[in-house]
Structures are given as C-alpha cells and as structure tokens.
Amino acid sequence: SLRKNGFVLLGSGNIEEQHPCKIVDMSTSKTGKHGGAKVHLVGIDIFTEKKYEQIGGSTDNMNVPNISRTDYQLIDIDKEYVTVLDSNGDTRSDFKLPNMCDSDLELAEAIKTAFDDGKEVTVSVTSAMGIDAIKAYKIGKD
C-alpha cells in the first residue's frame with residue numbers, strides 16, 4: 001500500500017513517461033454517488049525534484065519504482081565526470097557530477113571542494129528506471 005514518504009511512479013502515459021517520486025502528500029476523497037473513492041497523490045521526482053500530482057481511484061494499481069542506492073569511493077574528477085571505486089575494487093567512470101536540479105549543483109560543488117581538499121569522499125548513487133545519479137556524499141575518517 002502507498003504511504004507518505006513511500007515511492008511511486010507519477011505522470012501520465014506509459015511507464016517510460018512516468019517519474020520515480022517520493023510521496024510528499026496524499027489525501028483521499030469520500031466515495032461519491034457515482035463510483036469509488038479517489039486518491040490525490042503529490043510526489044517529488046527523486047532525480048529532478050520536480051513536483052508531480054496525480055488523482056486515481058483508490059482501487060487503481062500504481063507502479064512502484066525499484067530504487068537502489070550504492071556507495072562508491074571517489075578517486076578522480078574529470079570535468080563533469082567522476083571515477084569511482086566499488087566494493088569489489090572495480091572502477092567506473094560513467095557517473096556525472098550531480099546536475100539534474102539546483103540542489104544537485106550545490107552538491108557537486110561540495111563534492112569537488114571536499115575532494116580538492118584531499119578528503120576521502122564516498123558518493124551515494126541512486127538508481128531507478130535506468131537512471132543513475134549521485135544524490136549524496138560522505139567524508140571518510142582521516
């Protein structure tokens with residue numbers, strides 16, 4: 001069942017046009033004379049932070065995104081791409097510095113500053129619907 005702070009795909013059309021969202025508000029209207037109760041969902045896209053709203057029947061099926069988070073050790077920054085090391089010791093160079101929304105730009109600057117200061121930086125990559133994006137970072141103990 002859906003709940004506030006849960007995740008759901010919102011947006012019109014087929015599944016490719018929908019967005020993985022965190023539910024920030026949810027309300028239910030009473031059953032009317034014609035038909036069942038309606039649910040009003042408000043969600044924020046986990047990658048772009050855009051707001052999406054959708055109204056559906058309380059018995060409608062909703063798609064839920066499969067979201068995973070993986071931590072990688074940051075070993076290099078080259079323009080907008082980063083090179084990272086996974087827990088198996090393999091490197092990847094296909095992640096971009098965060099750039100999907102305003103808060104991502106601040107996050108990218110913070111990651112660059114910490115890395116340039118010689119700190120041990122771990123980045124958290126959120127993955128859903130074929131999209132991988134750095135959405136958080138941690139500074140390791142020296």
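This text goes with the structure placed above it.
Figured I'd write up the structure that's included with this text. Computed from a predicted structure; not experimentally measured. (Residues numbered from 1 in each chain as written. Predicted model: local features only at pLDDT ≥ 70, side-chain atom pairs only at ≥ 80, totals over all residues. Heavy atoms only, no water.)

## Some remarks on the overall build of the protein
Note the following rule: Secondary structure elements follow DSSP: runs of H or I no shorter than four residues count as helices, runs of E no shorter than two count as strands, and numbering proceeds from the N terminus. Think of it in three bands: with a 1.4 Å probe and only protein chains considered, a residue is buried below 20% of the maximum accessible area for its type, exposed above 50%, and partly exposed in between. We call two residues in contact when some of their heavy atoms are within 4.5 Å. When charges are counted, neither His nor the chain ends are considered; positive counts come from Lys and Arg and negative counts from Asp and Glu. For the purpose of locating charges, the reference atoms are NZ of Lys, CZ of Arg, CG of Asp and CD of Glu.
Helix and strand counts for the protein come out as one helix and nine strands. The linear arrangement of helices and strands in the protein, starting from the amino end, is β-β-β-β-β-β-β-α-β-β. With 142 residues in all, the protein has 32% of them scored as buried. Across the protein, contacts joining residues at least 24 apart in sequence account for 41% of those joining residues at least 6 apart. Considering the protein, the positive charge centre built from 17 side chains and the negative charge centre built from 23 side chains are found 10 Å apart.

## Overview of the nonpolar core
Selection rule: Buried Ala, Val, Leu, Ile, Met, Phe, Trp, Tyr and Cys residues form a nonpolar core when they are joined through side-chain atoms within 4.5 Å.
Residues Leu74, Val82, Val84, Phe95, Ile111, Val123 and Ile134 are the most contacted members of the largest nonpolar core, which totals 15 residues. Put simply, the parts of the chain that give this core at least two residues each are strand E5 (68-78), strand E6 (81-85), helix H1 (102-116) and strand E8 (121-128). Ignoring anything within four residues of it in the chain, the contact list for Leu74 reads Val82, Thr83, Val84, Ile111, Phe115 and Val121. In this structure, Val8, Val39, Leu41 and Tyr52 belong to the second largest nonpolar core, which totals seven residues.

## Describing the pairing of strand E4 (residues 51-57)
Along a regular strand, successive side chains alternate from one face of the sheet to the other. Threshold: When DSSP finds at least two bridges between two strands, those strands are taken to pair.
Here seven bridges tie strand E3 (residues 38-45) to E4, and the two strands are oriented antiparallel to one another. Looking across to E4, one finds that Gly43 is bridged to Tyr52. Remark: five residues form the turn of the hairpin made by E3 and E4, two consecutive strands paired antiparallel; Glu49 in that turn has positive phi of roughly 65 degrees.

## A short note on a nonpolar patch on the surface
Defined as follows: What makes a patch is a set of residues exposed beyond 30% relative accessible area and free of salt bridges, joined within 9 Å when like-charged and within 5 Å when nonpolar (Val, Leu, Ile, Met, Phe, Trp, Tyr). Computed with the Shrake-Rupley method and a 1.4 Å probe, the accessible areas treat only the protein chains shown as cover for residues. We count a salt bridge whenever a side-chain nitrogen from Lys or Arg sits within 4 Å of a carboxyl oxygen from Asp or Glu.
Residues Phe7, Val64 and Ile67 make up a contiguous nonpolar surface patch of roughly 240 Å² in combined accessible area. Along the chain, Phe7 falls in strand E1 (residues 7-10). Residue class for Phe7 comes out partly exposed when judged on its relative accessible area of 35%.

## Overview of the side chain of Thr83
What counts here: The term polar contact refers here to a pair of N or O atoms within 3.5 Å; inside protein, the definition further demands a hydrogen-donor-capable atom paired with an acceptor-capable atom, and it admits residues adjacent in sequence only when both atoms are side-chain atoms.
Counting through the fold element by element, Thr83 comes out in strand E6. Residue Thr83 is classed as buried on the basis of its relative accessible area, which comes to 18%. Polar side-chain contacts of Thr83 include one of 3.3 Å to the side chain of Ser93. Those residues in contact with Thr83 that lie beyond four places of it in its chain are Gln73, Leu74, Ile75, Asp76, Thr91, Arg92 and Ser93.

## Quick notes on the pattern of salt bridges
Applying the stated criterion across every chain, the model contains four salt bridges. Taking the shortest distance from any N to any O, the salt bridge between Asp94 and Arg92 comes out at 2.8 Å. Take Asp94: its relative accessible area is 47%, and that puts it in the partly exposed class. The class for Arg92 is partly exposed, based on a relative accessible area of 26%. For Lys112, the salt bridge goes to Glu109, with nearest N and O atoms at 3.4 Å. Taken as a pair, Lys112 and Glu109 lie in helix H1 at a separation of three residues, close to a single helical turn.

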